[in-house]
Amino acid sequence: QVQLVESGGGLVQPGGSLRLSCAASTSIFSMYAMKWYRQAPGKEREFVVGITSGGTITYGDSVKGRFTISRAYAKNTVDLQMNNLKPEDTAVYYCSATLQGTTLVYWGRGTQVTVSS
């Protein structure tokens, strides 16, 4: 069982930055792909960014050039640096861990990001 806990959400003005963090309960990066999703009110969950166990990164089109994912093996954390935030980035952001080659997925409970003036 893997537990994921997101942190770092909050209220920020348009154009501002936030850094989200996802802490895993154990060392999993060598076997799991880590992904960030988000879900805005009334909308479906949207893929934001993912990093495979081998380090390949894929960004969703809406965040390319503004968001950056990184891993810290020593801390078992995956961070999401979000720059130039827009009101449409407002959502609950979720961290997930997918065991490579399987459909086994663990989810965190999410952290709220609100971009508003």
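Quick notes on the rules
Residues numbered from 1 in each chain as written. Predicted model: local features only at pLDDT ≥ 70, side-chain atom pairs only at ≥ 80, totals over all residues. Heavy atoms only, no water. Helix = DSSP H or I, 4+ residues; strand = E, 2+ residues; numbered from the N terminus. Buried < 20%, exposed > 50% of the residue type's maximum accessible area, 1.4 Å probe, protein only. Contact = heavy atoms within 4.5 Å. Areas by Shrake-Rupley, 256 points an atom, 1.4 Å probe, with all protein chains shown as cover. Lys, Arg positive; Asp, Glu negative; His and termini not counted. Charge placed at Lys NZ, Arg CZ, Asp CG, Glu CD. Pairing = 2+ DSSP bridges. Axes fitted to C-alpha atoms, helices over the stretch in contact; angles between N-to-C directions. Disulfide = S-S within 2.5 Å.

**Let's talk about the overall build of the protein chain**
Scanning the protein chain for helices and strands turns up zero helices and eleven strands. Walking the protein chain from its N terminus toward its C terminus, one meets helices and strands in the order β-β-β-β-β-β-β-β-β-β-β. In terms of overall dimensions, the protein chain has a C-alpha envelope of 40 × 30 × 25 Å along the principal axes. The burial tally for the protein chain puts 44% of its 117 residues in the buried class. In the protein chain, 54% of the contacts between residues at least 6 apart in sequence involve partners at least 24 apart. Roughly 6100 Å² of accessible area belongs to the protein chain as shown, and the carbon and sulfur atoms make up 49% of that amount. Averaging the coordinates of the 11 positive side-chain charges in the protein chain and doing the same for the 7 negative ones gives two points 5 Å apart.

**A word on the sheet that holds strand E3 (residues 18-24)**
Strand order in this open sheet of four strands is E1-E3-E8-E7, and the pairing throughout is antiparallel. Two strands bound the open sheet, and with one partner strand each, they are strand E1 (4-7) and strand E7 (67-72). Looking at each pair of strands side by side, their axes are set apart by 15° on average, direction ignored. The sheet contact formed by E1 and E3 spans four bridges and is antiparallel. Pairing of Val5 across the sheet is with Ala23, part of E3.

**So, the state of the cysteines**
Summed over all chains, the structure comprises one disulfide. Between Cys22 and Cys95 runs a disulfide, and the two sulfur atoms are separated by 2.0 Å. On the S-S bond that ties Cys22 to Cys95, the torsion sits near -75°, and the link is left-handed. Here Cys95 lies in strand E9 (residues 91-99) and Cys22 lies in strand E3, a separation of 73 residues in the sequence. Note on accessibility: Cys22 and Cys95 belong to one class, buried.

**Re the pairing of E9**
Most of E9 is tucked away, with eight of its nine residues classed as buried. One ladder, built from eight bridges, connects strand E4 (residues 32-39) with E9; its direction is antiparallel. Bridge pairing in E9 places Tyr32 opposite Leu99. One ladder, built from three bridges, connects E9 with strand E11 (residues 111-115); its direction is antiparallel. Opposite Tyr93, over in E11, you have Thr111 as the bridge partner. Two strands pair when backbone bridges link them, and E9 and strand E10 (residues 105-107) are joined in this way by three bridges, in the antiparallel orientation. Considered in E10, the bridge of Ala97 is made with Tyr106. As consecutive antiparallel partners, E9 and E10 are separated by five residues, and within that stretch Gly101 has a phi angle of approximately 80°, a positive value.

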